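Residue-level structure breakdown
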Amino acid sequence: MTARRPRIAAIGLASWDTLIAVDRYPGPGGYVEVAATLSAPGGTTTNTAVALARLGAEVTLRAVIGDDELGQTMRDHLAREGINVAGVTIRTGEPTDASTIIVSQQPPDRTILWHRGAMIVKGDQLDIAGLFGHDVVILDMDDMPLRRFLSDLPAHTRPDVRILGTLTYLVDAGHADLLDVALRCDVLVGNERQFCQLTCVERPDLALSQITDLMRGAQLRTAVMSQGARGCAIATQTDRWQIPAFPVACVDTTGAGDAFAAGIAYGMALRWDWPRTGRFANAIGALAIRALGAQTTLPTMAEVQALLNAHRGL
Ligand code: ADP
């Protein structure tokens, strides 16, 4: 697709997933038969990093793992995927972050039980010059002081770097200044629920309008809202695009948003226009949900290209 390799830094969470697939959720006190299980690398930032590496991007990850076997397995896995893991450090005395995820078919949904473990926080050593020397820096951390610090930096360090902020941990933390911190990114990516939570608006389309109103005078230029099986909506101060999803047999949507975010980062790094970037991200999101596990079917560029070619009219 392109000769130039995008250079992307991702700062955030490394986590391990245990997935349990069931046909339907049992009610409280009920029981249900397990259809399949999988123990595999996951974690929002690491999912995005692996997606980018499989597409051929040059990826640097900054995250913290525990001093356990899981952490070592994770680091080896990320290195095998071709990610620069020199900045993936071990926190002594803490376990690696992990999630138990229950994936149901009817309704198609997932429920996450989080085993909070080692995570990057403000005060952890960061090679600021190196990280902000990439085309795009993805901020996906749970720690608000660190996010505040990093989203304030580019204006003073590298004004040409573009910051992609995810909403995952930002909105769940519920800090009073979360909107202010979000508006300091160049681009925000999140799902409908997260944009509604961010703006305290109930309807996703109105949440997107609210965020574009707030772009005036802010660093934020573009809001990218993923919409599951409906694709995505992208809004700038002057334009809005509705980009349909690709038809795909969905098995497990765990990590779909992280895969989608990788597509957005990739397009940003190469300065593609938004319709092209949104379509590309939709393709990666669609290809990511074909099997159980967040990283199992993250596609190569050839697979993405094949899907795009097969649906030229979309
Ligand atoms: P999250 O996992 O963060 O809730 P979404 O469910 O919105 O994110 O999924 C992210 C992206 O993955 C969507 O914008 C879409 O491109 C793709 N996607 C998700 N579910 C489907 C689906 N059932 N069919 C096709 N594409 C999907």
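All of the points below concern the structure found in this document. (Residues numbered from 1 in each chain as written. Predicted model: local features only at pLDDT ≥ 70, side-chain atom pairs only at ≥ 80, totals over all residues. Heavy atoms only, no water.)

So, helix 1 (residues 44-55)
Over its 12 residues, helix 1 runs 17 Å from end to end, which matches the ideal 16 Å to within 8%, given 1.5 Å per residue. All of the buried residues in helix 1 are Thr-44, Thr-45, Thr-46, Asn-47, Thr-48, Ala-49, Val-50, Ala-51, Leu-52, Ala-53 and Leu-55. (Helix = DSSP H or I, 4+ residues; strand = E, 2+ residues; numbered from the N terminus. Expected span 1.5 Å × (residues − 1). Buried < 20%, exposed > 50% of the residue type's maximum accessible area, 1.4 Å probe, protein only.)

Focus: the environment of Met-215
By the element assignment, Met-215 lies in the loop between helix 8 (204-214) and strand 11 (222-226). When its relative accessible area of 1% is taken as the criterion, Met-215 is described as buried. Expressed as a C-alpha distance, the spacing of Met-215 and Val-248, which sit 33 residues apart in the sequence, is 34 Å. Apart from residues no more than four positions distant in its own chain, Met-215 is found in contact with Leu-220, Arg-221, Thr-222, Ala-223, Ala-235, Thr-236 and Gln-237. (Contact = heavy atoms within 4.5 Å.)

Quick look at the sheet that holds strand 9 (residues 162-166)
In space, the nine strands of this open sheet follow the order 5-4-1-8-9-10-11-12-13, with mixed pairing throughout. Each edge of the sheet is formed by a strand with only one pairing partner; in this case those strands are strand 5 (88-91) and strand 13 (240-243). Geometrically, the sheet is characterised by an average inter-axis angle of 15° between neighbouring strands, direction not taken into account. In this sheet, strand 13 lies alongside strand 12 (residues 232-236) in antiparallel orientation, the contact comprising four bridges. Across the sheet, Ala-233 pairs through a bridge with Gln-242, a residue of strand 13. Contacts from helix 9 (residues 256-269) reach strand 1 (7-12), strand 8 (136-140), strand 9, strand 10 (187-191), strand 11 and strand 12, with the element oriented near 170° to strand 9. The sheet strands contacting helix 10 (residues 274-288) are strand 10, strand 11, strand 12 and strand 13, and the helix crosses strand 13 at an angle near 30°. (Pairing = 2+ DSSP bridges. Axes fitted to C-alpha atoms, helices over the stretch in contact; angles between N-to-C directions.)

Notes on the site of the ligand
Neighbouring the ligand are 17 residues, the closest being Asn-191, Ser-226, Gly-228, Gly-231 and Asn-282. Within the side chain of Asn-282, a nitrogen or oxygen atom sits 2.7 Å from an oxygen atom of the ligand. If you list the elements that add at least two residues to the shell around the ligand, you get helix 9 and helix 10. (Near = heavy atom within 4 Å. Polar contact = N/O pair within 3.5 Å; in protein donor to acceptor, adjacent residues only side chain to side chain.)

As for the environment of Gly-87
Relative to the helices and strands, Gly-87 is located in the loop between helix 2 (69-80) and strand 5. Sequence separation between Gly-87 and Arg-62 is 25 residues, and the spatial gap between their C-alpha atoms is 4.8 Å. If near-sequence neighbours (up to four positions away) are discounted, Gly-87 is found in contact with Leu-61, Arg-62 and Ala-63.

Points about the packing of aromatic side chains
Applying the stated criterion across every chain yields a total of four aromatic pairs. Ring plane angle 35° and centroid distance 6.2 Å describe the contact between Trp-114 and Tyr-169, whose orientation is recorded as tilted. Of the two residues, Trp-114 sits in strand 7 (residues 109-115) while Tyr-169 sits in helix 5 (residues 168-173), which places them 55 residues apart along the sequence. Trp-114 sits in the partly exposed class, given a relative accessible area of 36%. Considering the side-chain rings of Tyr-266 and Phe-280, the 5.3 Å spacing of their centres and the 40° angle between planes classify their relative orientation as tilted. Of the two residues, Tyr-266 is situated in helix 9 and Phe-280 in helix 10; the sequence distance between them amounts to 14 residues. What makes Tyr-266 buried here is its relative accessible area of 3%. Overall, the relative accessible area of 1% leaves Phe-280 in the buried class. A cation sits over an aromatic face here: Arg-116 above Trp-114, 4.6 Å from the ring centre. In this arrangement the basic side chain of Arg-276 is found over the ring face of Trp-272, its NZ or CZ atom lying 3.9 Å from the centre. (Phe/Tyr/Trp six-rings, centres within 6.5 Å; stacked < 30°, edge-to-face > 60°. Lys NZ or Arg CZ within 6 Å of the ring centre and 35° of its normal.)

Observations concerning the sheet that holds strand 7
The sheet built from four strands is open, its strands ordered 3-2-6-7 with mixed pairing. Strands with a single pairing partner mark the edges of an open sheet, and in this sheet they are strand 3 (34-42) and strand 7. Ignoring which end each strand starts from, the neighbouring axes of this sheet average 20° apart. Where helix 2 meets the sheet, it contacts strand 2 (15-22) and strand 3, and its direction lies at approximately 95° from that of strand 2.

Focus on the side chain of Glu-192
If you trace the backbone, Glu-192 turns up in helix 7 (residues 192-199). The contact partners of Glu-192, leaving out residues within four places of it in the chain, are Pro-204, Met-225, Ser-226, Gln-227 and Arg-230.

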